[in-house]
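# Remarks on the overall topology
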Amino acid sequence: FSIAFTILTIACNTTKSNHVKINSNSQYYVKCSPHLIYCYRKSDLICRKEYRVLAVKLEDTPSMIIKCN
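Residues numbered from 1 in each chain as written. Predicted model: local features only at pLDDT ≥ 70, side-chain atom pairs only at ≥ 80, totals over all residues. Heavy atoms only, no water.

### Some words on the overall build of the protein
When you go through the protein residue by residue, the secondary structure sums to two helices and four strands. For the protein, the proportion of its 69 residues judged to be buried stands at 29%. In the protein, the proportion of contacts linking residues at least 24 apart, taken out of those at least 6 apart, comes to 41%. Carbon and sulfur atoms form 54% of the exposed surface of the protein, whose accessible area is close to 4800 Å². (Helix = DSSP H or I, 4+ residues; strand = E, 2+ residues; numbered from the N terminus. Buried < 20%, exposed > 50% of the residue type's maximum accessible area, 1.4 Å probe, protein only. Contact = heavy atoms within 4.5 Å. Areas by Shrake-Rupley, 256 points an atom, 1.4 Å probe, with all protein chains shown as cover.)

Here it is, written out as structure tokens:
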């Protein structure tokens, strides 16, 4: 488990991922590649593990819209 967590952490930090705040209601657009699991990890970092997924887009570059609690 610790090896998988380390790999995900490193991959999330080394891939080109970004987030944009949508509005003042703590909603963010999170874009991560190459897999959706990186979006969840990035969302954990943005919202400090308390968020709700509002939308998921599965394409070449997955993305999500989240709302921090």
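### Section: the environment of serine 33
Note that serine 33 resides in the loop between strand 2 (27–31) and helix 2 (36–47). On the accessibility criterion, serine 33 (21% relative accessible area) is partly exposed. The spatial distance from the C-alpha of serine 33 to the C-alpha of aspartate 60 is 7.9 Å, given a sequence separation of 27 residues.

### Considerations on the state of the cysteines
Counted by the stated rule, this structure contains one disulfide. Covalently, cysteine 47 is tied to cysteine 68 through a disulfide, its sulfur atoms 1.9 Å apart. Between cysteine 47 and cysteine 68 the disulfide shows an S-S torsion of about -65 degrees. By sign, it is left-handed. Taken together, the residues span a long stretch of sequence, with cysteine 47 in helix 2 and cysteine 68 in strand 4 (residues 63–68) at a distance of 21 residues. Cysteine 47 gets classed as buried once you look at its relative accessible area, which sits at 9%. (Disulfide = S-S within 2.5 Å.)

### Here we look at helix 2
Compared with the 16 Å implied by 1.5 Å per residue over twelve residues, the 17 Å span of helix 2 between its first and last C-alpha is a close match. All buried positions along helix 2 are accounted for by Tyr38, Cys39, Arg41, Lys42, Ser43, Ile46 and Cys47. Immediately downstream of helix 2, the backbone of arginine 48 shows phi near 60 degrees, a positive value. (Expected span 1.5 Å × (residues − 1).)

### Structural notes on the nonpolar core
Considering soluble globular proteins, one finds that nonpolar side chains tend to be buried as a cluster. By size, the foremost hydrophobic cluster in this structure holds eleven residues: Tyr28, Val30, Cys32, Tyr38, Cys39, Ile46, Cys47, Tyr51, Met64, Ile66 and Cys68. For this core, the secondary-structure elements that each account for two or more residues are strand 2, helix 2 and strand 4. Here this core gets four residues from one element, more than from any other, and that element is helix 2. Excluding residues that lie within four positions of it along the chain, isoleucine 66 makes contacts with Ser26, Gln27, Tyr28, Val30, Ser43, Cys47, Tyr51, Arg52, Val53 and Leu54. (Core = buried A, V, L, I, M, F, W, Y, C linked by side-chain atoms within 4.5 Å.)

Keep in mind these values describe shape, not function.
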